[in-house]
Amino acid sequence: MKLLRKNGLRATALGALAVSSALVLTACGSDDNSTSSASASTSSSSGTSAAPAAGSIDCGKGSGSLLASGSTAQQNAMDEWVKDFMASCKNIQINYKGIGSGAGVQQFVQGQTAFAGSDSPLKPEEITSSKKVCTGGQGIDLPMVGGPISVVYNVPGVDNLTLDAPTLAKIFNSKITKWNDPAIAKLNPSAKLPATAIQPFHRSDESGTTDNFTKYLIAAAKTDWPYSGGKAWQAKGGQSASGSANVASQVKQTAGAIGYAELSFATSSQLPTVQLNTGASAPVTVSSESASKAIADAKVVGTGGDLALQLNYTTKADGAWPITLVTSEIVCDKGNKAATLDATKSFLNYMASADAQQKLTAEGYAPLPDAIASQVRTAIGSLS
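A. How the structure looks around the pattern of salt bridges. A full pass over the atoms with the stated rule returns 6 salt bridges. The shortest N-O distance in the salt bridge between lysine 83 and glutamate 80 comes to 3.4 Å. Within this pair, lysine 83 and its partner glutamate 80 are both found in helix α3 (residues 75–88), separated by 3 residues, close to a single helical turn. Judged by its relative accessible area of 45%, lysine 83 falls in the partly exposed class. One salt bridge connects glutamate 126 with lysine 231, and the closest N-O pair in it is separated by 3.8 Å. One end of the pair, glutamate 126, is in helix α5 (residues 124–130); the other, lysine 231, is in the loop between α8 (208–220) and β9 (239–241), and 105 residues separate them in sequence. Glutamate 126 gets classed as buried once you look at its relative accessible area, which sits at 17%. Through salt bridges that share partners, Asp84, Asp355 and Lys359 make up one connected network.

B. Quick peek at the sheet that holds strand β4 (residues 92–98). With mixed pairing, the 8 strands of this open sheet are ordered in space as β4-β3-β5-β14-β6-β10-β8-β9. Strands at the two margins of the open sheet, each flanked by one partner only, are β4 and β9. Between one strand axis and the next, the sheet turns by 25 degrees as a mean value, whatever way the strands run. The sheet contact formed by strand β6 (residues 139–154) and strand β14 (residues 324–332) spans 9 bridges and is antiparallel.

C. Expanded view of the state of the cysteines. Using the criterion set out here, one finds 2 disulfides in the structure. The disulfide bridge from cysteine 59 ends at cysteine 89, spanning 2.0 Å between sulfur atoms. Of note, the bridge from cysteine 59 to cysteine 89 carries an S-S torsion of about -85 degrees and is left-handed in sense. Taken as a pair, cysteine 59 in the loop between β2 (47–49) and β3 (64–70) and cysteine 89 in the loop between α3 and β4 lie far apart in primary sequence, 30 residues in all. When sorted by exposure, cysteine 59 lands in the same class as cysteine 89, which is buried. Each disulfide pairs two cysteine sulfurs, and for cysteine 134 the partner residue is cysteine 332, the sulfurs being separated by 1.9 Å. Looking along the S-S bond of the cysteine 134-cysteine 332 disulfide, the torsion reads about -70 degrees, which is the left-handed sense. Of this pair, cysteine 134 sits in the loop between α5 and β6 while cysteine 332 sits in strand β14; the two residues are 198 residues apart in sequence, bridging distant segments of the chain. The class for cysteine 134 is buried, based on a relative accessible area of 0%. For cysteine 332, a relative accessible area of 4% translates into the label buried.

Reading the values: rules and limits
- Residues numbered from 1 in each chain as written.
- Predicted model: local features only at pLDDT ≥ 70, side-chain atom pairs only at ≥ 80, totals over all residues.
- Heavy atoms only, no water.
- Salt bridge = Lys/Arg side-chain N within 4 Å of Asp/Glu carboxyl O.
- Helix = DSSP H or I, 4+ residues; strand = E, 2+ residues; numbered from the N terminus.
- Buried < 20%, exposed > 50% of the residue type's maximum accessible area, 1.4 Å probe, protein only.
- Pairing = 2+ DSSP bridges.
- Axes fitted to C-alpha atoms, helices over the stretch in contact; angles between N-to-C directions.
- Disulfide = S-S within 2.5 Å.

Here it is in structure tokens:
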């Protein structure tokens, strides 16, 4: 899906990049924060080499077809990256299918793909399964795409809407069923709310977007969201659609609808987004910048080459959007197929490059902080 780029999204780029330095301090401990993505090194299977100049793509020695699948959250970023990479590296064909994080990880552990995109870190049982295809190694998480999960809605006559976690939980748990419910009216005293029935949409496929959205509800509204969470939707009621693009499409077509999807899909569908009352000094608007402020509380919790991040869903920092995810590429640290290893490393290195990351803001995503991107490139260089 091709985004309609707006000047507003581009204007957030400087803010998102400035905030990223805060994540450097939080996530990286004593790492040398002076290391920039421009000066970080990349490597191919034959050894380490200096990073290519900004704007160039190092194709390495890779060739042939590269299959990958998983998260739909990163689909818009992937579409741009694949197009740019293949324009420079004509010997490599990349086919990424956005089928959801759960299905993508399943295909990866079955040996069907070179890597998978997942909006949730690998679970212990998934790591165990990955050892069957990662000969002598295991699957690891490489953070690649940061971005906010927006709450999109279609309520005729309502252009500005503020909700909080308990109200969202009750809406998606079918406890609040009309748009003029007193709980919604209290949060929107100036809005002319209709008595229209609420039509909540959720993902029908296993999804990291669902996992992160419900992690927010569990953390910020546990009393009103009595579920354990996970990639599969657990609440009763509502309607469903497969993939973020289809959720956004259904919301746009249905009066009274509300759903959740990455900001890039909200923007491309020209849907209004909910503001969140998080307990901060003012309701928070979803944006790349506000997502970066929330990601600033993230910590690296993976071990070894695994760079899994732990997000803070209950942040009350001013201007911080708490419903945020980071999509990671799941790849073998050791035991990758020789036929696709060079191509995999070349493409992953491009994704983690400063040039590729800087393009994310215009697509509605949040670029990785330099120190995290540097760690990712180091991990990619050690893949074998």
